[in-house]
Amino acid sequence: MTASTPSLKPGRRQLSAFGWPIGLTIAVVLIFVFYRYWLPDSVDSIQKLVADWFPLAIINQCMIWVIMAIGLNIVVGYAGLLDLGYVAFWAIGTYMGAWLMSSWFYQVKIHFGGPPNLNKAVGIHVSFWLVLIAGGAFCALWGVIIGAPTLRLRSDYLAIVTLGFGEIIPQVFQNGDKDHLGFALTNGQQSIVPIDGIGTGPFSNLKGVNPTLGVFDLPYRFVVFALVAAFCVFVSLRIRRGRLGRAWLAIREDELAASMMGVSLVKAKLSAYAVGAVFGGLGGVCYAVAVGGASPNFSFANSITILMMVVLGGMGNVYGVIIGALIVSWVNLNGLSQFGDWYNTQFNSNVDFPSYNFLIFGVILVLMMLFRREGLLPESRTRLIMREPARTEVEAVGADLEGIDADIEIAEETEDELVSSETTKRADGGES
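In short, a report on the structure.

Time to look at the overall build of the protein chain. Of regular secondary structure, the protein chain possesses 16 helices and five strands. Counting all 432 residues of the protein chain, 41% fall into the buried class. In the form shown here, the protein chain has an accessible surface area of approximately 23,900 Å², with 65% of it arising from carbon and sulfur atoms.

Should the charged atoms of two oppositely charged side chains come close, the side chains can pair. A full pass over the atoms with the stated rule returns four salt bridges. K48 is paired through a salt bridge with D52; the nearest N and O atoms lie 2.8 Å apart. Highlighted residues: K48 and D52, both in helix α2 (residues 44-53), separated by four residues, approximately one helical turn. A relative accessible area of 55% means that K48 is categorised as exposed. The closest approach of N and O atoms between R252 and E253, which form a salt bridge, is 3.0 Å. On the accessibility criterion, E253 (36% relative accessible area) is partly exposed.

Of all hydrophobic cores here, the largest spans 95 residues; its most connected members are W90, F128, W248, F279 and C286. Among all residues touching F128, those that are not within four sequence positions of it are M101, I198, V224, V285, C286 and V289.

With that settled, consider the environment of S349. Following the sequence through the fold, S349 ends up in the loop between α13 (318-347) and α14 (357-371). Setting aside residues up to four positions removed in sequence, S349 forms contacts with Y343 and N344.

Turning our eyes to something else, we now look at unusual backbone geometry. Put simply, V193 and P194 share a cis peptide bond, and its omega is -5 degrees. Looking at where P194 falls in the secondary structure, it is placed in the loop between α7 (178-181) and β4 (198-199). Unlike most non-glycine residues, N187 shows phi in positive territory, near 65 degrees. Mapping N187 onto the fold places it in the loop between α7 and β4. The phi torsion at N348 lies on the positive side, around 55 degrees, for a residue other than glycine. In this structure, N348 sits in the loop between α13 and α14.

Here is what the cut-offs are and how they apply
Residues numbered from 1 in each chain as written. Predicted model: local features only at pLDDT ≥ 70, side-chain atom pairs only at ≥ 80, totals over all residues. Heavy atoms only, no water. Helix = DSSP H or I, 4+ residues; strand = E, 2+ residues; numbered from the N terminus. Buried < 20%, exposed > 50% of the residue type's maximum accessible area, 1.4 Å probe, protein only. Areas by Shrake-Rupley, 256 points an atom, 1.4 Å probe, with all protein chains shown as cover. Salt bridge = Lys/Arg side-chain N within 4 Å of Asp/Glu carboxyl O. Core = buried A, V, L, I, M, F, W, Y, C linked by side-chain atoms within 4.5 Å. Contact = heavy atoms within 4.5 Å.

By themselves, these figures tell us nothing about what the structure is for.
This is the structure:
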């Protein structure tokens, strides 16, 4: 009777495995067609509405936040390692993009697959696609460096160490000018600008595609950032279903039990930091290209924002993290300010809503922890743990009363034994 049921499971798994690439591809194509072809020919009212509420430049930055959130989900959601300094990898990736795709190091003249119009320019001009690999590899190295001292740390102590790392790296970039180091490594507060565009290679033969994607090629940049995000989703899901992913989940549930079952804690933890750092490096390189430069504007608030995306979306679930990243980043970058403009216009007020963003996010986070701790779209394992029925008040009071009754019984038995012992001693003394 049930012989046919197991045969359906592999097919369903294959369908679900192909479901997310198909859905993501359809979404990217629809968004690209909408902004590239349909929106320019629409009426002015629609163009203004989209430009105010959903500008493509903001959507591109939201995709970068998605990449960051997926990377932090590896560390926090999969391995259960609280990381409060993830913004450091973002900063490292951003400056890697600035160093390898600009004329900042004018003392040299290195060209490797960069934009063809910069063949004679000074500096280092490497292809964007190669810089992605270099930025990811360099951040992976730093992920191992930060992960090595934290192998024996847990919970609050681990958070403190990662917080220190997240504070040190941005300060290095902020003070990396000639006045502090003796040579201009990061140009300090002056930033490194401009950054080379994204080379399209053979795709430049297509109609409407430039050899180098500049600041006005937003639809094509969206496709590039979506491809990077899709790569991160693919790697995250594949690792999650593999041996390393199961080791991370075991460490998250019970580190001691995982070590007793043969899981190498050193290898698993260092791998989690390295993989998460790779995604941070990819997002940093994309961010440098998106904003056209590298400046030391990375702070602890960025790490908290990314962590909020993971928690609100659903720790451990890639799709939930994507939803959380899109919502939080859009509200933080554009939605809150636009709502403030609409509110002030309608009610003739002057409320600065963006200045209350942390208050609003804090209230939302508290409400989520009270009523939906597992997040908007949680992982199945996390949902079961969070929704595990707890003792009711009556059961708790009953258990406490049972414990009190047991203590009274033990005390009475002890008292009876003492009285019996004293009586025996007196009887023995009388006989003597």
